Amino acid sequence: MSKTESKYQIAEAHDLSLRSKWLRDYYFKGQEREWNNEFMTFTTGPDWDIIWFEGDYYIVPETHFYIQILGKNDRGVLASSFRSMAIPVKLPENFWDLSLPERRMTFFEEVVLDYIPQEIISENDLVAGGRFNTQLSKCFNETEAKEYWKKNIRNREATLNYHKSGFGNLGATAGHIIPDYEGVVKKGLKYYHNKAQEVYAQLSDQEKEGPKGQELRAIIKAAEIPRKLASKYAEECRRLKDEASTPERVEELEQMAKNLEHVPWEPAETFWQAIQAIWLTHMLVMAEESYPGPGLSFGRTDLHLWDLYRKDVIEEKNITKEFAKDILGSFWFHCNTAYDAMIRLGKQGITSGFGQLMTLSGCGPSGEDLTNELTYTILEVIDEWHPILEPKPNIRLHRNSPEKLLDVIVEIIGRSQGAPFLINFDERSIAGMVKEGISKDDAWDYACVGCLENTMQGNDRSGTVNINVNLTKSIELTLWNGKNMPGNDVTTKPGEQIGPETGNPEDFETWEEFWNAWKKQIQFMIKHTADVYNLTEELRGEYLPTPYLSTFVNDCIDKGLDVRNGGPVYRFITVEGVGFASTVDSLLAIKKLVYEDKKHTIAQIKEALMNDFEGYEVIQTYLKNKAPKYGNDDDNADEIARMVMETWCDETWKYKTSTDFQFRPGMLSWNYWAGADAGLTIATPDGRKKGTFLSNAICPVDGSDIKGPTAVTNSVGRALGGKTETGEYINYLPNGASHTITFNPSILRDPEHKEKFKSYLRGYAENGGTCLQINMLDVEMLKDAQKHPENYKNLLVRVTGYNAYFTAIGKELQNEIIAREAHKI
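Residues numbered from 1 in each chain as written. Predicted model: local features only at pLDDT ≥ 70, side-chain atom pairs only at ≥ 80, totals over all residues. Heavy atoms only, no water.

S.K.: Before we move on, could you go through the overall build of the protein chain and cite the residues and values that matter?
M.R.: Summing up its helical and strand segments, the protein chain has 31 helices and 19 strands in all. The C-alpha atoms of the protein chain give a radius of gyration of 26 Å, which matches the 28 Å a tight globule of 825 residues would have. Expressed along its principal axes, the backbone C-alpha trace of the protein chain runs to roughly 85 × 65 × 60 Å. Sequence separation of at least 24 residues holds for 78% of the intrachain contacts in the protein chain that already meet a minimum separation of 6. Of the roughly 29,000 Å² of accessible surface on the protein chain, 48% is carried by carbon and sulfur atoms. For the protein chain, the centre of its 94 positive side-chain charges and the centre of its 123 negative side-chain charges are spaced 2 Å apart. (Helix = DSSP H or I, 4+ residues; strand = E, 2+ residues; numbered from the N terminus. Rg over C-alpha atoms; globule rule 2.2 N^0.38 Å. Contact = heavy atoms within 4.5 Å. Areas by Shrake-Rupley, 256 points an atom, 1.4 Å probe, with all protein chains shown as cover. Lys, Arg positive; Asp, Glu negative; His and termini not counted. Charge placed at Lys NZ, Arg CZ, Asp CG, Glu CD.)

And the structure:
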């Protein structure tokens, strides 16, 4: 077998129109393209100007080295690079007399209209809106810059120490929100502009001079920017008519210009206009936040656009279904250009950390199914464009989901390898939304952001990736009475007290004593996490307003408050638990082998951990193989898992930020379990060695789920709370819980097995978690891809809440995916 031949067939795009095929092929040319959406950076000019907000990237530990290299006050490589690349922007004469929110919008308008070129990408493009990857000046005056930098250094030290100490990572991060795109389509930005003017007019003179007046004046300016930009794009469309190669393209360009003269200022009147309105509004959010794509999501697009699609495609036949798919194809192309931001690094989507998520299907207020023909059209586009990373689709299933939808899902999964979508389960998810205080009458209309995180639409910011706490740290603190394990003092003095003194566990005589000590340590960890996080939240709220985004997040205008400063109707910061099953299995091992079987002592286990099981292989074997494991439908093990979940989740609800955001629990994990957090976690009592993988989100520890997918499903559902005696769902995690499961492709080889898989999905809705992500992968193919990556450049695999190109992720993460249990049905 030569190196140029692949032993295995990988998923490929199929049945694309010539237009969509051109766009997709052009995108994958990457650095060879004559056009790209690489970062453009802009400055107000003074030496004190700050452009890059490092706080957005505290949750990406891989960037910490570039944030601080030379010492405490170091600006860092990335900040310095963006500053040196920045283009000076000519400012109006009164610029420095304006308030900070108004300065930011004045600067934003100048950049968007006069410095970023308006380009139509090619004759195949049907949606205007090209470059949006920016790094923008924060528009500080000299005093603000000094105050900001002083607080930033304080935050940097606290957050980096938090990470180095093994607690996890955290930081006030942008994106991860669903703006009111439905309102933009159905009301137009003129509605928000007029509303802001009305609210401003009702302010007292004192309020107009204060923060409310400043924010509302900035919002009024912000609401007009898309209209002005759309006008410029309309001019470009008409200019290109003289260069068009066919009469058909002349007509398309004229219609694009007419669309842009209408939306997003006015309500959309056609399906084409609706897509254009969403895209232009969306890309400007990314530009304003200088954060290209992560978590900025579209909501329930098939519902928002169904009336216009039905009118244009089905009833009046103004456009064909195939042309509607081409409009969506242009939208798909533009979404993926978010990865151009750092295109010179090579393969786009190295970490797949963007996640512009689109939610499809799902139930209505009475449990009725809301799937429509646009749902199926979008699924066709997803299937035909796959493998590709954006937008990330999430399909909502529930008890009343139609057979046709399940058939389509199973067919797509069967040929996709790393499934192109996530599957959310409504009944369990809605129970979580209700738990956080959202009425059941509203909670049915939830949607997902980023990877899988559940939020409301257009009125909610839930900070869904801002905190990622390493739950396994609590085991170390319990075993060493609130201190680091000797030799693990990275940021503390040897023997320094970190958590509460809960007693030397070597003196504990009962499991209850150990459990109660653990509870106190996990409670300390959550409080410590909230305290450190609040530093970054306060800084962002005070110095980094986003009036443009605030324009169409409901209640911001009414309150005169920024989306980052308490403006939205629903305000949460999500604490994502990492290493859940590693924590549960460690507790199960101690309970079984120390307190029940009395096979080992706490002292022996501590000694084994301190030596990373070198010379203690017998103890390691017992810990790994003789203790119960979460994920096998074991009532006793699952009850401990439920108790662990309930304990740490209950603790999160005790805390709020100074900007009036409520902490809430979730379980995403991203890739921390295999990378940054795992590398800083000592050996654990489940038999895991130091630095090796922790468990992924709500998944069992790799290889421990040996009783099949139904057993895993039941365990996941119980860990989330199970059901009440009357059959009502319980969900401790309103944010949702990432459950990634791998199946052998052979399970979908014939109609009988496909029916079984549909039954499995229906069973998951009854007894499982909130979100399922499916890999259909042959382990031998993955091993061949490691040996011959040139043959598998576009092989997508589902890591957790996101897909990634298998050959572009690190060897450690590749090995973790290979190590996962491949289930059969």
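S.K.: Before we move on, could you go through the pattern of salt bridges and cite the residues and values that matter?
M.R.: Overall, the coordinates contain 64 salt bridges when judged by the stated rule. For Glu-266, the salt bridge identified is with Lys-190, shortest N-O distance 3.0 Å. One end of the pair, Glu-266, is in the loop between helix H10 (247-262) and helix H11 (271-289); the other, Lys-190, is in helix H7 (residues 189-201), with 76 residues separating them in the sequence. Between Asp-383 and Arg-415 there is a salt bridge, and its shortest N-O distance comes to 2.5 Å. You can see Asp-383 sitting in helix H15 (residues 373-385) and its partner Arg-415 sitting in helix H16 (residues 403-416), a full 32 residues away along the chain. Of the residues examined, Arg-415 reaches a relative accessible area of 41% and is grouped as partly exposed. (Salt bridge = Lys/Arg side-chain N within 4 Å of Asp/Glu carboxyl O. Buried < 20%, exposed > 50% of the residue type's maximum accessible area, 1.4 Å probe, protein only.)

S.K.: Outline helix H25 (residues 617-625), listing residues and values.
M.R.: Of all the residues in H25, the buried ones are Ile-619, Gln-620 and Leu-623. Looking down the long axis of H25, one finds its buried residues gathered within 100° of arc, a one-sided arrangement. Residues Val-618 and Asn-625 are exposed on H25 and point more than 90 degrees away from its buried face. Where H25 is buried, its residues contact helix H23 (580-596) and helix H24 (602-610). (Arc of directions from axis to C-beta.)

S.K.: Could you give an account of the side chain of Asp-302, naming the residues involved and the relevant values?
M.R.: Turning to its location among the elements, Asp-302 is positioned in helix H12 (residues 301-304). Although Asp-302 is buried, it makes no salt bridge; Arg-300 carries the closest opposite charge, 5.5 Å away. A distance of 2.8 Å separates a polar atom in the side chain of Asp-302 from the backbone nitrogen of Ser-361. Setting aside residues up to four positions removed in sequence, Asp-302 forms contacts with Thr-359, Leu-360, Ser-361, Asn-372, Leu-374, Thr-375 and Ile-378. (Polar contact = N/O pair within 3.5 Å; in protein donor to acceptor, adjacent residues only side chain to side chain.)

S.K.: Describe in detail the packing of aromatic side chains, supporting the description with residues and values.
M.R.: Summed over all chains, the structure comprises 41 aromatic pairs. Between the aromatic rings of Phe-167 and Phe-524, the centroid separation amounts to 6.4 Å while the plane-to-plane angle is 70°, which identifies the pairing as edge-to-face. Note that Phe-167 is positioned in the loop between helix H5 (142-164) and strand S4 (168-170) and Phe-524 in helix H20 (residues 511-543), a separation of 357 residues in sequence. Members of the aromatic cluster, connected to one another through ring pairs, are Phe-132, Tyr-181, Trp-279, Phe-298, Phe-331 and Trp-332. In this arrangement the basic side chain of Arg-33 is found over the ring face of Tyr-26, its NZ or CZ atom lying 5.8 Å from the centre. Over the aromatic face of Tyr-376 sits the side chain of Lys-404, whose NZ or CZ is 4.1 Å from the ring centroid. (Phe/Tyr/Trp six-rings, centres within 6.5 Å; stacked < 30°, edge-to-face > 60°. Lys NZ or Arg CZ within 6 Å of the ring centre and 35° of its normal.)

S.K.: How would you explain the environment of Thr-472 if you had to name every residue and give the values?
M.R.: Looking at the secondary structure, you find Thr-472 in the loop between strand S12 (467-470) and helix H19 (473-479). Along the sequence, Thr-472 and Pro-402 sit 70 residues apart, while their C-alpha atoms lie 41 Å from each other.

S.K.: Describe helix H4 (residues 100-115), listing the residues and the values that go with them.
M.R.: For H4, with 16 residues, the first-to-last C-alpha span of 21 Å sits near the 22 Å given by 1.5 Å per residue. Most of H4 is tucked away, with 13 of its 16 residues classed as buried. (Expected span 1.5 Å × (residues − 1).)

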